[in-house]
Amino acid sequence: MTSAADSPLVQRRLPAGEFTVMIAMLFATVAFSIDAMLPALPEIAAELTPDAVNHAQLILTAFVLGMGAGTAIAGPISDATGRKPAIVGGFALYIAGAILAHYAPTIELLLAARVIQGLGAAGPRIVGLALVRDLYEGREMARVTSFAMTIFMIVPAVAPSIGAVIIGLAGWRAVFLAFVVFALIAAVWLGQRQPETLAPPRRRPLSGRNILSAAREVLANRDVRIYTVVMTLGFGQMFALLSTAQQIFDVTYGQGANFPLWFALMAAIAASATFLNATLVMRVGMRRLATDAYLWQAISSSVVLAVVLGGVGTGAAGFAVFFLWGSSVFFMAGLTFGNLNALALQKMGHIAGMAASVIASISTIMAVLIAGPLGQTFDGTAVPVIVGVVICSALAWLLMRRTLPH
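Residues numbered from 1 in each chain as written. Predicted model: local features only at pLDDT ≥ 70, side-chain atom pairs only at ≥ 80, totals over all residues. Heavy atoms only, no water.

**Student:** Help me understand the packing of aromatic side chains, please; the structure alone is not making it clear to me.
**Tutor:** Aromatic rings in a pair are described by how distant their centres are and how their planes are angled relative to each other. Counted by the stated rule, this structure contains 18 aromatic pairs. Arranged with centres 4.4 Å apart and planes meeting at 20°, the rings of F235 and F337 form a pair that is stacked. Of the two residues, F235 sits in helix 11 (residues 222-252) while F337 sits in helix 15 (residues 337-344), which places them 102 residues apart along the sequence. Per residue, the accessibility class of F235 equals that of F337, and both read buried. Three or more aromatic residues joined by ring pairs make a cluster, and in this case those are F249, Y253, F259, W262, F263, F319, F322, F323, W325 and F330. (Phe/Tyr/Trp six-rings, centres within 6.5 Å; stacked < 30°, edge-to-face > 60°. Helix = DSSP H or I, 4+ residues; strand = E, 2+ residues; numbered from the N terminus. Buried < 20%, exposed > 50% of the residue type's maximum accessible area, 1.4 Å probe, protein only.)

**Student:** Which parts of the structure should I look at to understand the packing of helix 5 (residues 83-103) against helix 6 (residues 107-135)?
**Tutor:** Two quantities define a packed helix pair, namely the angle between the helix axes and the distance between the axes. Remark: helix 5 packs on helix 6, axes separated minimally by 7 Å, with the N-to-C direction vectors making an angle of 160°. Put simply, helix 5 runs roughly antiparallel to helix 6. Crossing of helix 5 over helix 6 shows left-handed handedness. A breakdown of the residues in the contact of helix 5 with helix 6 according to their chemical character gives 17 nonpolar, 6 polar and 2 charged. (Axes fitted to C-alpha atoms, helices over the stretch in contact; angles between N-to-C directions. Parallel < 35°, antiparallel > 145°, perpendicular 65-115°, else oblique. Left-handed = near helix turned anticlockwise from the far one by under 90°. Nonpolar A, V, L, I, M, F, W, Y, C, P; charged D, E, K, R; others polar.)

**Student:** Looking at this structure, I do not really get helix 8 (residues 154-170). What am I missing?
**Tutor:** What sets the pattern is the α-helix's 3.6 residues per turn: residues three or four places apart point alike. Between its first and last C-alpha, helix 8 extends 24 Å over 17 residues, near the 24 Å set by a 1.5 Å rise per residue. Residues V155, P156, A157, A159, P160, G163, I166 and I167 constitute the buried set of helix 8. Backbone geometry just downstream of helix 8 places G171 in the positive-phi region, at approximately 90°. (Expected span 1.5 Å × (residues − 1).)

**Student:** I'm lost on the side chain of T232 in this one. Help?
**Tutor:** Tracing the sequence through the fold places T232 in helix 11. Excluding its chain neighbours within four sequence positions, the residues that come into contact with T232 are I362, S363, M366, A367 and I370. (Contact = heavy atoms within 4.5 Å.)

**Student:** Hey, could you run me through the environment of R193 in this one?
**Tutor:** Mapped onto the fold, R193 is located in helix 9 (residues 174-193). Distance in space between the C-alpha atoms of R193 and F19 is 9.2 Å, their sequence separation being 174 residues.

**Student:** Just checking my understanding: could you explain the packing of helix 14 (residues 315-334) against helix 17 (residues 383-400) for this structure?
**Tutor:** Following both chains from N to C, one finds helix 14 and helix 17 inclined at 35°, their axes separated by 12 Å at the closest point. Here helix 14 runs over helix 17; the crossing is left-handed. Counted together, W325, V329 and M332 of helix 14 and V385, I386, V389 and S393 of helix 17 form the full contact between these two elements. Here the residues of the contact of helix 14 with helix 17 are counted per class, giving 6 nonpolar, 1 polar and no charged.

**Student:** Teacher, can you tell me more about the confidence of the model for the protein here?
**Tutor:** Overall, the prediction assigns the protein a mean pLDDT of 84, with 91% of residues at 70 or greater. Within the protein, no element has a lower average pLDDT than helix 1 (residues 8-11), which sits at 43, and none a higher one than helix 5, at 95. The model gives residues 1-11 a pLDDT under 50, and that stretch makes 23 contacts with residues more than four places away or in other chains. (pLDDT = per-residue confidence, 0-100.)

**Student:** Teacher, can you tell me more about the environment of A278 here?
**Tutor:** Inspection of the secondary structure puts A278 in helix 12 (residues 259-284). Through-space distance from the C-alpha of A278 to that of L335 is 8.9 Å; in sequence the pair is 57 residues apart.

**Student:** Explain the pattern of salt bridges to me, please; I cannot follow it from the model alone.
**Tutor:** Inspection of every chain in the model, using the stated rule, returns 5 salt bridges. When the shortest N-O distance is used, the salt bridge between R83 and D79 registers 2.7 Å. A salt bridge links D223 to R222; its shortest N-O distance comes to 3.3 Å. Residue classification places R222 among the partly exposed positions, given a relative accessible area of 35%. (Salt bridge = Lys/Arg side-chain N within 4 Å of Asp/Glu carboxyl O.)

Written out as structure tokens, the structure is:
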């Protein structure tokens with residue numbers, strides 16, 4: 001089903017397979033920008049911030065912070081100019097940030113460059129979602145998004161290994177040049193192959209009045225507010241695990257050398273969740289799947305916390321417990337984020353870009369306020385991040401129970 005079947009622009013769509021892969025690549029801009037940096041954190045810490053190694057984590061959260069701020073404007077810009085110009089413009093800003101990061105001589109300038117990169121990445125991330133909403137809605141949108149996420153999960157699986165190879169050959173700064181190449185490929189593909197999905201008659205002029213009007217409409221919906229908070233909790237716990245993963249693998253379990261391989265396996269396990277979700281969502285429904293996933297995560301994480309505190313927190317057994325638990329966190333993300341986005345945008349098709357921006361901006365920026373401090377509490381064990389996941393998942397489950405069935 002399309003949301004604008006009467007638009008001639010929408011009728012000239014890409015083949016479904018190519019469209020899904022292209023959307024996955026747009027979404028993957030964020031994952032590649034975060035996960036490819038993970039193997040570089042020890043070298044960055046040693047070179048730019050040797051007296052406070054935990055500060056190297058901020059390279060990840062700075063990117064997420066910029067992305068959250070960028071989503072506040074990427075959607076409205078796309079509603080006014082069309083989806084393609086907004087995405088391509090975002091890639092241009094992303095490339096500028098990557099080049100600045102490549103030459104950054106201090107940790108402060110590097111963090112600033114990462115914020116700029118994040119601002120640019122908001123274009124493909126949030127406008128890509130609005131592009132899908134232009135063509136699909138409801139469970140069909142969730143199905144398309146889930147298939148895109150299945151392909152997208154290949155990126156987290158291989159990104160650390162790609163980063164490690166690049167670092168081994170040319171140093172950690174060369175990773176930023178890989179970001180430039182990735183962005184150029186995605187931008188050219190979109191520009192050459194994807195027809196515009198937002199016809200001029202459906203565009204909304206970019207003005208403060210229109211933005212505030214749309215934002216009020218989005219935030220006036222009780223369920224949308226709840227889904228936004230739930231996504232905040234979900235992103236917060238996931239970003240916290242991502243920012244501490246390299247240190248936990250290396251410092252806690254002595255697996256630093258094999259980190260890219262272990263992380264690839266975790267990502268492969270998580271990818272199966274998006275495929276499973278695409279199959280189940282048409283039968284079970286988006287709300288029930290997301291609700292049950294958070295309940296399961298809260299219970300399983302509580303059990304793991306008890307096991308770790310009970311003495312199984314180190315050695316081979318401790319690593320096995322942590323690996324399975326960490327995989328479950330990413331697996332749960334595959335059962336929730338696509339559904340939550342579709343639920344939140346269900347009644348917002350007429351302002352899809354603005355709605356996606358408001359929801360993503362709030363959830364991403366607030367998630368940084370969870371993940372940043374939580375990551376800085378790393379004490380050589382996995383306990384802080386496990387506690388964080390228990391709390392976030394339990395709160396998300398309680399909130400999901402307060403939403404209305406669709």
